[in-house]
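# Coordinates in review
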Amino acid sequence: PPLQVLREDLSHFRRVDWAYMVVDEAHRLKNAESLLVQDLRSLSIDHMHLLTGTPLQNNTAELWALLSFIDPASFPSLPSFVEDFGDLKDASCLDKLRATMRPYVLRRRKAEVEKSLAKLSETIVWVELTRYQKMTYRAVLEGRRDLLVGDVRSGAMPSLANLQMELRKCCNHPYLIKGVEAADAAEAERTGYLEALLRASGKLLLLDKLLPKLKTDGHRVLLFSQMVRTLDIISDYLTEKGYTHERLHGSIRSDLRQAAIDRFSAEGSDAFVFLLSTRAGGVGINLTAADTCILFDSDWNPQNDVQAMARSHRIGQTKNVSVFRLVTRNTYEQELVASANRKLGLERAISAGTSRQAGGRADEEGGTSRGGSGPPQDRAEVERLLRRGAQDIMLAEDDSAFQQFSQANIDQILAAATTVHHDDDDDDGSGSVFSKARP
């Protein structure tokens, strides 16, 4: 078994002059000031090898951190690197960055190792807000706790200081906002808990249309969300509907996590859905027993979603893999996904030498998005994102779009969705500027 090294044990390793070090999941070194980077730099190492599928996740500063870790003499200064490459304003600047990186990067893609690897396609499913969600969204924007919790005066009250997170919760399910579920208890008692859950969320209503089709067609599903509480609500829904499921998130012990994976992957398993938190379920897990991924909500960092998809789309998968990304139309979430798409475009432009977006997406707005793995910090950008669709949300009485969405069957909804194919057209090397590993 691998040896776990604690920080206090490092003194023993510093006594040795190491010939070679290999760092797996090396994108963890993207913060040059992190304790992990400082600890590894304290070792005496002649040569090193960084393994990562995502050398650039958000911006060129993260790329500098990896290059500087490998060769600090050639990349001594972040300010000078950002001055040269931070904005990537034109093609000549991009070409210069590729030339700088070329001696350090060796690429190997899944399709180059396994020619028979199944195809991966992503469908962006546009979801309408329910009337109840519109009311909640508007209340959050206006800071109206009275609209959110009604006459409830006891228990936890919602904090509206972080508008970005509260709006994201609303797009997933209003019950994620503190106090809202308790305020809606009368409706749940009148119609039943399942009906109250569905009434409150367009995404859950879409799931109620999609899962029966997937079940009938013999598919098995990985469902990802950033929020553990969202998984709680979906787990309640699956239980009410009688769908067998497993669950994994960061607070589950490693032995219980592996037991859940083994049960889901066992031949003849009747588990239909595996619920995973995006980050806990996005690294180092093989779940090729599933051939369908549902991204209930998108991560701030698009590479986390890419890694989540890869849990089922990897060597050993014999079926084509379908990804369904649920996005609420005309909301903050729609703009967030567009911003994430531009981050992937930056990564694709640098690593693949093509103007196409990662996975073949088209970047209609151009440019790149600044920021890390959390929400955008630029005040003007935050304001623009938060007010995205605000005029439509204010017209809460007009729910014609939702009524059409609610009455449509799943085939009609998917026909209006946006499909993205993730087939790598440049696997022959014609689109890549880097050396490539050959089997």
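Per-residue confidence for the protein gives a mean pLDDT of 76; residues scoring 70 or more make up 73%. When the criterion is pLDDT under 50, residues 353-373 qualifies, and its contacts beyond four places in sequence or with other chains add up to 56 contacts. In the predicted structure, residues 424-439 sits below a pLDDT of 50 and forms 40 contacts with residues beyond four places in sequence or in another chain.

Time to look at helix H7 (residues 131-142). Taking 1.5 Å per residue, 12 residues should reach 16 Å; H7 reaches 17 Å between its end C-alpha atoms and fits that length. Among the residues of H7, Tyr132, Gln133, Lys134, Thr136, Tyr137, Ala139, Val140 and Leu141 are the ones counted as buried. Once H7 finishes, Gly143 follows within two positions and takes phi at roughly 70°, a positive value.

The packing of two helices is summarised by the inter-axis angle and the distance between the axes. Helix H14 (residues 228-241) packs onto helix H12 (residues 193-200) with a crossing angle of 130° between their chain directions and a minimal axis gap of 10 Å. Taken together, the axis directions place H12 and H14 in an arrangement best described as oblique. The way H12 lies across H14 gives a crossing that is left-handed. Two secondary-structure elements touch here, H12 through Tyr193, Leu194, Leu197 and Leu198 and H14 through Ile233, Asp236, Tyr237, Glu240 and Lys241. Residue composition of the contact of H12 with H14, by class: six nonpolar, no polar and three charged.

Another aspect to go through is the pairing of strand S4 (residues 120-127). Burial analysis of S4 places seven of its eight residues in the buried class, the great majority of the element. Looking at chain direction, S4 and strand S9 (residues 321-328) are connected through eight bridges and run parallel. Within S9, the residue paired with Glu122 across the bridge is Val323.

Before going further, it helps to spend a moment on the side chain of Gln133. Note that Gln133 resides in helix H7. Residue classification places Gln133 among the buried positions, given a relative accessible area of 0%. Only 3.2 Å separates the side chain of Gln133 from the backbone oxygen of Cys171, close enough to count as a polar contact. One polar contact links the side chain of Gln133 to the main-chain amide nitrogen of Gly202, over a distance of 2.8 Å. Not counting the four nearest positions on each side in its chain, Gln133 is found in contact with Glu128, Cys170, Cys171, Asn172, Pro174, Ala200, Ser201 and Gly202.

The end-to-end C-alpha distance of helix H15 (residues 254-265) is 16 Å, a good match for the 16 Å that 12 residues give at a rise of 1.5 Å each. For H15, the complete set of buried residues consists of Ala260, Ile261 and Phe264. Buried residues of H15, seen end-on, are gathered within an arc of 100° and therefore sit on one face of the element. Elements in contact with the buried residues of H15: strand S5 (221-225), strand S6 (245-248) and strand S7 (273-277).

In terms of strand pairing, strand S1 (residues 17-23) meets strand S2 (residues 44-50) through six bridges, oriented parallel. Paired with Val23 across the strands is Leu50, a residue of S2. Handedness of the crossover joining S1 and S2 through helix H2 (residues 35-41) is recorded here as right-handed.

Mapped onto the elements, Gly143 comes out in the loop between H7 and helix H8 (145-149). Take Gly143: its relative accessible area is 38%, and that puts it in the partly exposed class.

Quick notes on the rules
- Along each chain, the written sequence defines residue order, and numbers are assigned to residues from 1.
- It should be noted that, the model being predicted, local features are given only for residues of pLDDT at least 70 and side-chain atom pairs only at 80 or more, the latter also being counted only at that level, while totals for whole chains, interfaces and linings use all residues.
- For side-chain calculations, the full set of non-hydrogen atoms in the structure is used, while hydrogens and water are omitted.
- Here pLDDT means the predictor's own confidence in every residue, given as a number from 0 to 100.
- A contact between two residues is defined here by any heavy atoms of the two lying within 4.5 Å.
- Starting at the N terminus, helices and strands are each numbered in turn, a helix being any DSSP run of H or I of at least four residues and a strand any DSSP run of E of at least two.
- Working rule for helices: expected span equals 1.5 Å times residues minus one.
- For each residue, the accessible area found with a 1.4 Å probe, counting protein chains only, is set against the maximum for its type, and the residue is called buried under 20%, exposed over 50%, and partly exposed in between.
- Axis angles are defined between N-to-C directions and span 0 to 180 degrees, where every axis is a line fitted to C-alpha atoms and, for a helix, only to the segment in contact.
- Note on angle classes: values under 35 degrees are labelled roughly parallel, values over 145 roughly antiparallel, values of 65 to 115 roughly perpendicular, and the remainder oblique.
- With the far helix as reference, a near helix turned anticlockwise by less than a right angle produces a left-handed crossing, and one turned clockwise produces a right-handed crossing.
- Any residue that is not Ala, Val, Leu, Ile, Met, Phe, Trp, Tyr, Cys, Pro, Asp, Glu, Lys or Arg is counted as polar, Gly included; the first ten are nonpolar and the last four charged.
- The rule for pairing is simple: two strands pair if DSSP sees at least two bridges between them.
- Under the rule applied, a polar contact is a pair of N or O atoms within 3.5 Å (in protein, one hydrogen donor and one hydrogen acceptor; residues adjacent in sequence only if both atoms are side-chain atoms).
- Our arc is simply the arc of the directions from the helix axis toward the C-beta atoms.
- A crossover gets the label right-handed when its path from the first strand over the helix to the second runs clockwise, viewed with the strands pointing away from the viewer.

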